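As a plain string of letters, each chain reads:
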Amino acid sequence: MEAAAVRVDLGERSYDVWVGEGLLEKASGFIPAPKGSAVAVITDENVGELYLETLERGLDPLDLEVLVESVAPGEGSKDASVAVGLLERFARRGLKRSDMVVALGGGVVGDLAGFVASVYGRGMRVVQVPTTLMAQVDSSIGGKTAVNLPQAKNLVGTFHQPAAVICDVALLATLPTGVFRSGLAEVAKYGFLDPEGPAASWKGRADDKADAAVAVRSCAAAKAGFVVEDEFDMKGVRAFLNYGHTLGHALEAAGGYATYTHGEAVAIGMVYAAIVSEEAGIAAEGLSGRHRERLSGLGLPVKPAEPRPAFLELLGPMSLDKKVTRGLTMVLLEAEGRPRIEAGLDRDMLALCYERLLGEA
Ligand code: GLY
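Quick caveat: nothing in here was measured; it's all calculated off a predicted structure.

Asker: Any chance you could explain the packing of aromatic side chains here in plain terms?
Answerer: The way to describe two aromatic rings as a pair is by their centre distance and the angle between their planes. In the structure shown here, the tally under the stated rule is five aromatic pairs. The interplanar angle of 75° and the centroid separation of 6.1 Å between the aromatic rings of Phe180 and Trp202 together place this pair among those described as edge-to-face. Of this pair, Phe180 sits in helix α5 (residues 177-193) while Trp202 sits in the loop between α5 and α6 (209-229), and the two are 22 residues apart along the sequence. Considered together, Phe180 and Trp202 belong to a single accessibility category, that of buried residues. Sitting over the ring of Tyr190, Lys189 keeps its end group 5.2 Å from the ring centre.

Asker: Would you take a moment to explain the environment of Gly29 for this structure?
Answerer: Positionally, Gly29 belongs in the loop between β2 (15-20) and β3 (38-44). In this structure Gly29 comes out as exposed when scored by relative accessible area, which is 59%. Linking Gly29 and Leu314, residues 285 residues apart in sequence, is a C-alpha distance of 47 Å.

Asker: In this structure, what is going on with the pattern of salt bridges? I would like to understand it.
Answerer: Once their charged atoms are close, side chains differing in charge can pair, the charge on each being opposite to the other. All chains considered together, the criterion is met by 18 salt bridges. Ionic pairing is found between Glu69 and Arg89, a salt bridge with its closest N-O pair at 2.8 Å. With Glu69 in strand β4 (residues 65-71) and Arg89 in helix α2 (residues 80-92), this residue pair connects regions lying 20 residues apart in the sequence. By relative accessible area, which is 5% here, Glu69 ends up buried. A salt bridge links Asp138 to Lys223; its shortest N-O distance comes to 2.7 Å.

Asker: What's the story with the environment of Leu333 in this structure? I'm lost.
Answerer: Among the secondary structure elements, Leu333 is positioned in strand β10 (residues 330-335). Classification of Leu333 as buried rests on a relative accessible area of 0%. C-alpha separation for the pair Leu333 and Met270, spaced 63 residues apart in sequence, amounts to 9.8 Å. Apart from residues no more than four positions distant in its own chain, Leu333 is found in contact with Phe192, Leu193, Tyr243, Ser277, Ile282, Ala283, Leu287, His291, Arg338 and Pro339.

Asker: Explain unusual backbone geometry here, please?
Answerer: Cis geometry is found at the peptide bond from Glu306 to Pro307, where omega equals -10°. Take Pro307: it is sitting in the loop between α9 (287-297) and α10 (311-320).

Asker: What's the story with the side chain of Ser218 in this structure? I'm lost.
Answerer: Topologically, Ser218 is positioned in helix α6. In this structure, Ser218 is in contact with Pro198 and Ala199, ignoring residues within four places of it in sequence.

Cut-offs and rules
Residues numbered from 1 in each chain as written. Predicted model: local features only at pLDDT ≥ 70, side-chain atom pairs only at ≥ 80, totals over all residues. Heavy atoms only, no water. Phe/Tyr/Trp six-rings, centres within 6.5 Å; stacked < 30°, edge-to-face > 60°. Helix = DSSP H or I, 4+ residues; strand = E, 2+ residues; numbered from the N terminus. Buried < 20%, exposed > 50% of the residue type's maximum accessible area, 1.4 Å probe, protein only. Lys NZ or Arg CZ within 6 Å of the ring centre and 35° of its normal. Salt bridge = Lys/Arg side-chain N within 4 Å of Asp/Glu carboxyl O. Contact = heavy atoms within 4.5 Å.

Coordinates in, geometry out; function isn't part of it.
Structure follows, in structure tokens:
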């Protein structure tokens, strides 16, 4: 399978998202680092153990000075103190802003490494090498970087486009089922936003690499389209990518980020958004049923598990969600392929929709 590139066309910040099989071993062909320069590979202990050696072999032809920084796996590493620790080690090791960061890992590593790269020396280049489905189809593309604050996820960050994104779909076959499924929710989201694209019908089989490459490429192209139209998330276009995330983020927060994977929470959040679309008279009945069918077909949950958080517990985080600009705002669907942002949604109606989500109304 040849690697195919999706171009993210942003003028002087343009770059390619490479999608194919075995790309880690051929990394030197995709990483725009000058021969003999230094790269800091940021990874986590689990991913590093699995893939660091392959990546280093792939970089060999470039004759780079490779520095490895490994953080603890998990959301806890997306923390300001971890970022500062990395920056201090960069300084001690004499990294220059002309050197490069390579992010080898899932969303946590990608966001953290992107953030560190964006502020060290006022910005150095970063190449994203996403190792999870979620990161390949969403977080590695588009230049959003972040660390968390106790008050909210992703509250501190920058826009810093990568110099390249390398999606090796061979890595998906060995992902733990839960981690893979989490990414499937984002794939399904692209399908709801574009019912004609391959993401809408992908069966979600990681071991069919040709099929996975088609789905990942299509999602990457979709993401690139939103980013090109609204790079800095100011025009209400990139915001469509938050479909399902308003309730999704609130569920994640209510469960202390331990009850659901991000994708599971977003899957439930998309069913909820479809119910709200119906209840608000924006979509015809049937949208939420089609959501349930599609998402449960991918092995994703379609309602919160016991013990279910009360709606009032979720309302605070839903309103705090940084995508909310005026009162309660959500991305809704008029139908598959027709997203729209709806502000000022009535709380009683939203509470009733939560009951419908639980199957209690
Ligand atoms: N993950 C949403 C965005 O990149 O805008």
